[in-house]
Amino acid sequence: MVDILDFKAQLERQDSEFKTFQILNNKGKIVDKQALEKVGLKDDQLVELMKQMVLSRTLNDRSTRLAKQGRLGFFAPTAGQEASQVASNYAFDSEDYVMPGYRDVPQLVLKGLPIYKAFLWSRGHYEGNEFGDVKGWFPQIIIGAQYVETAGIALGFKKRGKKNVAYTYTGDGGTSQGDFYEGMNFAGHYQAPAVFFVQNNGFAISTPRHTQTAAKHLAAKGWAAGLPSIVVDGMDPLAVYLAAKTARQWALENGPVLIETLTNRFGPHSMSGDDPLRYRSQEDIDEWLKMDPLIRFRKYLGDKGLWNEKTEESWVKEVNQQIDEAVKQADNVEKQKVSDFIKQTLAQPGQAQQEQIAHFESEGK
Ligand SMILES: Cc1ncc(C[n+]2csc(CCOP(=O)(O)OP(=O)(O)O)c2C)c(N)n1
Ligand SMILES: [Mg+2]
């Protein structure tokens, strides 16, 4: 009785419940050999994961420059979040369904979305929302909405007896939205095969994580909905991969899981005029730069003789060529008309939309 009423002790216990899971530390050294054995990635798979992370960083760097030149529309930088985004995505099956947030374009590209389509999405062109066979939806702008959609897709998989999961991403700020809880609660009740990620990158635009919520650990919010919930070092590709892989299996057999990845965005919130130095110090950024997931994975693979500067250089060159092609392809797509856009909005346009389409078409727009 006395213990139950000890509120202070309860709050303090959270730290031991939500320990950060790590396999590969900041120096590129293995700190959990048992966990490493469970990762089970062969050498060529480790190299493939590294290539995907480097692709993501290169795409970030190029997109940042294109945005500065006014050649993209909306762009949310991803540098720093490669382990959190790419290594998690790597744990899923190609038929699993991804529901990304606006910062999660790399996962879509790695699931097969052509880069030029990602550029068209950024520019607000309707063709950037046509996904073909890619098992994912366009990046969500409404914070947290993708959690509700994921619960529905996961339930659909379950009802159809498919052995696939739906997985989704939101940010630290997203955990303050109602949809975040509603999605988990629904999926939890129906034991739907969903994996929910919270990429805790420290900020919701300029709002620091600690002024966002009094919750000590964002993962604790999953407990309220009955989900196993864990905290992972989001700069460690091996820990993120194993956590995601284990969660996927659990989701198929038992129901949803919440994974909070501790990560950081090195750049601005978006390329639409954000200056991070107005709300965080250069020292803070420099501290996080030392945790770069690419640095530690380079070191780890380098020590195994699987990766070196030359390997990386030639891969970056190849990716840059792919991006050059994608820019050309996106530039060659016919400029969209207002009527095209309205036509794409609803499968069956209602009377109001039909009138608008006719109106704009009559003006050649
Ligand atoms: C429902 C809703 N409210 C507010 C916004 C405006 N908004 C855009 S990004 C953002 C911050 C989100 O932060 P976080 O969830 O931490 O994701 P991050 O950008 O750090 O990846 C906000 C509040 C929005 N897009 N949708
Ligand atoms: Mg954030």
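Nothing here was measured: the structure is a model prediction, and the numbers come from that model.

**Comments concerning the site of ligand 1**
Stage number 1. Ligand 1 sits among 15 residues. The nearest are Ile143, Gly171, Gly173, Gly174 and Ala204.
Stage number 2. Looking at the shell around ligand 1, the elements that each hand over two or more residues are β3 (166-171) and β5 (203-204).
Stage number 3. Here the shell around ligand 1 is built from residues that sort into six nonpolar, seven polar and two charged.

**As for the nonpolar core**
Stage number 1. Among the nonpolar cores identified, the biggest contains 84 residues, and Ala154, Ala166, Ala194, Val195, Ala239, Ala243 and Ile259 are the most heavily contacted of them.
Stage number 2. Once residues within four sequence positions are removed from consideration, Ile259 is found in contact with Val195, Phe197, Ile230, Val232, Ala243, Ala244 and Ala247.

**Concerning unusual backbone geometry**
Stage number 1. Look at Gln191: it is not a glycine, yet its phi comes out positive at around 50 degrees.
Stage number 2. Along the chain, the position of Gln191 falls in the loop between α8 (178-189) and β4 (194-200).

**Focus on the sheet that holds β4**
Stage number 1. One open sheet holds the six strands; their spatial order is β1-β7-β8-β4-β3-β2, and the pairing between them is parallel. This sheet does not close on itself; its edge strands, each paired only once, are β1 (20-21) and β2 (97-99).
Stage number 2. The sheet contact formed by β1 and strand β7 (residues 229-233) spans two bridges and is parallel. Following the sheet pairing, Thr20 is matched in β7 by Val231.

**Thoughts on the environment of Met50**
Stage number 1. Structurally, Met50 can be placed in helix α3 (residues 43-68).
Stage number 2. Accessibility expressed as a C-beta count within 10 Å gives 25 for Met50, which makes it buried.
Stage number 3. Distance in space between the C-alpha atoms of Met50 and Ser339 is 43 Å, their sequence separation being 289 residues.
Stage number 4. Dropping the residues within four chain positions of it, Met50 is found in contact with Phe297, Leu301 and Trp307.

**Here's the deal with the UniProt feature "domain: Dehydrogenase E1 component" (unreviewed entry) in the chain**
Stage number 1. Per the UniProt record, "domain: Dehydrogenase E1 component" (unreviewed entry) is annotated on residues 50-338.
Stage number 2. For the annotated span residues 50-338, helix accounts for 47% and strand for 11% of the residues, and the straight-line distance between the end C-alpha atoms is 41 Å.

**Description of the pairing of strand β8 (residues 257-262)**
Stage number 1. Across the six residues that make up β8, a large majority, six, are buried.
Stage number 2. Here β8 shows a buried face lined by Val257, Ile259 and Thr261 and a second buried face lined by Leu258, Glu260 and Leu262.
Stage number 3. Sheet analysis places β4 next to β8, joined by six bridges and oriented parallel. Pairing of Val195 across the sheet is with Val257, part of β8.
Stage number 4. Relative to β8, β7 is paired through five bridges, and the arrangement is parallel.

**Examining the domain arrangement of the chain**
Stage number 1. Each assigned domain of the chain is listed with its residue range as follows: domain 1 (17-334) and domain 2 (337-365).
Stage number 2. Once you take the C-alpha centre of each, domain 1 and domain 2 turn out to be 35 Å apart.

**Points about helix α7 (residues 145-159)**
Residues spaced three or four apart along an α-helix face the same direction, because each turn holds 3.6 residues.
Stage number 1. Look at α7: 22 Å from first C-alpha to last across 15 residues, which is about the 21 Å you get at 1.5 Å a residue.
Stage number 2. Buried residues in α7 make contact with β2, β3, α8 and β4.
Stage number 3. Immediately beyond the C-terminal end of α7, within one or two residues, lies Gly161, with a positive phi of roughly 65 degrees.

**Comments concerning the packing of helix α15 (residues 338-345) against helix α16 (residues 351-362)**
Stage number 1. Across the interface, α15 lies against α16 with an axial gap of 8 Å and an inter-helix angle of 160 degrees. The angle between the axes of α15 and α16 places the two elements in the roughly antiparallel class. When the axes of α15 and α16 are compared, the crossing they make is left-handed. Across from Val338, Ser339, Ile342, Lys343 and Thr345 in α15, the residues of α16 making contact are Gln353, Gln356, Ile357, Phe360 and Glu361.
Stage number 2. When grouped by side-chain class, the residues that make up the contact of α15 with α16 number four nonpolar, four polar and two charged.

**Looking at the pairing of β7**
Stage number 1. Along β7, five of the five residues are buried, which leaves the element largely enclosed by surrounding structure.
Stage number 2. Residues Ser229, Val231 and Asp233 point to one face of β7 and Ile230 and Val232 to the other, with burial holding for every one of them.
Stage number 3. What joins β7 to β8 is helix α11 (residues 237-253), and the crossover it makes is right-handed.

What counts, and where the lines are drawn
- Residues numbered from 1 in each chain as written.
- Chains lettered and ligands numbered in written order.
- Predicted model: local features only at pLDDT ≥ 70, side-chain atom pairs only at ≥ 80, totals over all residues.
- Near = placed C-beta within 6 Å.
- Helix = DSSP H or I, 4+ residues; strand = E, 2+ residues; numbered from the N terminus.
- Nonpolar A, V, L, I, M, F, W, Y, C, P; charged D, E, K, R; others polar.
- Core = buried A, V, L, I, M, F, W, Y, C linked by C-beta atoms within 7 Å.
- Buried ≥ 20, exposed ≤ 12 C-beta atoms within 10 Å, placed from the backbone.
- Contact = placed C-beta atoms within 7 Å.
- Pairing = 2+ DSSP bridges.
- UniProt positions renumbered as here; feature names shortened; annotations may be inferred.
- Domains from an automatic or database assignment.
- Expected span 1.5 Å × (residues − 1).
- Axes fitted to C-alpha atoms, helices over the stretch in contact; angles between N-to-C directions.
- Parallel < 35°, antiparallel > 145°, perpendicular 65-115°, else oblique.
- Left-handed = near helix turned anticlockwise from the far one by under 90°.
- Right-handed = clockwise from strand over helix to strand, strands pointing away.

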